[in-house]
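Architecture at a glance
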Amino acid sequence: MNDLVVLDAVSFDLPSGRAAALIGPNGSGKTTLLRCVVGADIPDDGDVLFDGERLVESDPKVRAAMACALDDADFFPELSVVEHLELLARAHGVAEPGEIVAEVLTELDLEDQRDQLPVTLSSGQRRRFTLGACLVRPHRLLVLDEPEQRLDVAGRAWLAEKLQDEKAQGCAILLASHDPQLVDAVADIRIELG
Ligand SMILES: Nc1ncnc2c1ncn2[C@@H]1O[C@H](COP(=O)(O)OP(=O)(O)OP(=O)(O)O)[C@@H](O)[C@H]1O
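It should be emphasised that the depicted structure is a prediction, and the values quoted were computed from it without experimental measurement.

Within the element layout of this structure, Val10 appears in the segment before strand S1 (19–23). Separated by 183 residues in the primary sequence, Val10 and Leu193 have C-alpha atoms spaced 8.6 Å apart. In contact with Val10, not counting residues within four places along its chain, are Leu33, Ile191 and Leu193.

What follows is the structure, encoded as structure tokens:
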């Protein structure tokens, strides 16, 4: 039995159109907190509320609103980049996903990789693809674990601008980050862990 307490007395509100950044050293509990928020881990105590009700990951309202990028592992290995993004958008109610998928591929500079299988992408391209998967579907809450990871300089600049655009459109963003520049550019609320 491991009695390590990772998170204790963490509390914050995240309104629409705002971003909260979890910051802190390696092992301070950022990913654990994100996993509790999205329902991948169950806290021993405390609640996560969404629109005032306890957040249940399987609730259709939550599934429709929350787009998460916690790691790069969740791919359909047999679908190409474009097929994957179109399938995901359709699954979330986008009847004609061609336009939004093309837009996101252009923004992420992944047009030349559209027909590749995810496993053949470079690690930075895979991170772009993971972020793209959040962006092709309707969302009003983005949960992102170190979204800057493995992005090149241009990719990081794009990310900061994109997250600001998302906020301007009313999206709430909860992210963990080790990038002070990204946090400075995007975060309205800072939650220091560890
Ligand atoms: N499945 C697990 N079993 C045991 N301990 C775990 C598990 N997952 C996380 N931990 C521990 O919980 C603590 C917090 O880990 P977490 O991944 O949340 O940190 P983090 O702040 O995201 O770190 P990093 O900046 O390195 O990504 C660490 O001490 C870690 O070893």
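Before going further, it helps to examine helix H3 (residues 81–91). Note that an α-helix has 3.6 residues per turn; residues three or four places apart therefore point the same way. Every buried residue of H3 is listed here: Val81, Val82, His84, Leu85 and Ala89. Here the buried residues of H3 occupy an arc of 160° about the axis, which is enough to place them on one side. In the segment just after H3, Gly93 is the residue with positive phi, at about 90°.

On to the nonpolar core. Grouped together as the largest cluster of nonpolar side chains are 37 residues, with contacts concentrated most on Leu85, Leu142, Leu144, Leu163 and Ile173. A total of five residues in this core trace back to one element, the largest contributor, which is helix H5 (residues 123–135). In this structure, Leu163 is in contact with Leu142, Leu144, Ile173, Leu175, Leu182 and Val186, ignoring residues within four places of it in sequence. Leu33, Val143, Ala176 and Leu193 belong to the second largest nonpolar core, which has 18 residues in total.

Here the focus is the side chain of Ser177. Turning to its location among the elements, Ser177 is positioned in the loop between strand S6 (172–176) and helix H7 (180–186). Looking at Ser177, its side chain comes within polar contact range of the side chain of Glu148, at 3.1 Å. Aside from chain neighbours lying at most four places away, what touches Ser177 is Leu22, Ile23, Glu146, Glu148, Leu182 and Val183.

Here we come to the site of the ligand. Lining the immediate environment of the ligand, one finds Leu4, Val6, Pro25, Asn26, Gly27, Ser28, Gly29, Lys30, Thr31, Thr32, Glu146 and His178. Within the side chain of Thr31, one N or O atom sits 2.8 Å away from an oxygen atom of the ligand. In the environment of the ligand, an oxygen atom lies 3.2 Å from a nitrogen or oxygen atom belonging to the side chain of Glu146. Expressed as a share of its isolated accessible area of 640 Å², the protein-covered part of the ligand is 51%. Residues that form the shell around the ligand fall into these classes: three nonpolar, seven polar and two charged.

Tallied over the full model, the rule gives zero disulfides. For Cys134, which is in no disulfide, the shortest distance to another cysteine sulfur is to Cys68 and amounts to 6.9 Å. Distance from the sulfur of Cys171, which forms no disulfide, to the nearest cysteine sulfur (Cys134) is 9.5 Å. For Cys171, a relative accessible area of 3% gives the class buried.

Take Asp145: it is sitting in strand S5 (residues 141–145). The side chain of Asp145 is buried and forms no salt bridge, while Lys30, the nearest opposite charge, is found at 6.9 Å. Side chain to side chain, Asp145 and Thr31 meet in a polar contact 2.7 Å long. Apart from residues no more than four positions distant in its own chain, Asp145 is found in contact with Thr31, Leu34, Ala69, Leu70, Arg127 and Ala176.

Conventions we followed
- Residues numbered from 1 in each chain as written.
- Predicted model: local features only at pLDDT ≥ 70, side-chain atom pairs only at ≥ 80, totals over all residues.
- Heavy atoms only, no water.
- Helix = DSSP H or I, 4+ residues; strand = E, 2+ residues; numbered from the N terminus.
- Contact = heavy atoms within 4.5 Å.
- Buried < 20%, exposed > 50% of the residue type's maximum accessible area, 1.4 Å probe, protein only.
- Arc of directions from axis to C-beta.
- Core = buried A, V, L, I, M, F, W, Y, C linked by side-chain atoms within 4.5 Å.
- Polar contact = N/O pair within 3.5 Å; in protein donor to acceptor, adjacent residues only side chain to side chain.
- Near = heavy atom within 4 Å.
- Areas by Shrake-Rupley, 256 points an atom, 1.4 Å probe, with all protein chains shown as cover.
- Nonpolar A, V, L, I, M, F, W, Y, C, P; charged D, E, K, R; others polar.
- Disulfide = S-S within 2.5 Å.
- Lys, Arg positive; Asp, Glu negative; His and termini not counted.
- Salt bridge = Lys/Arg side-chain N within 4 Å of Asp/Glu carboxyl O.

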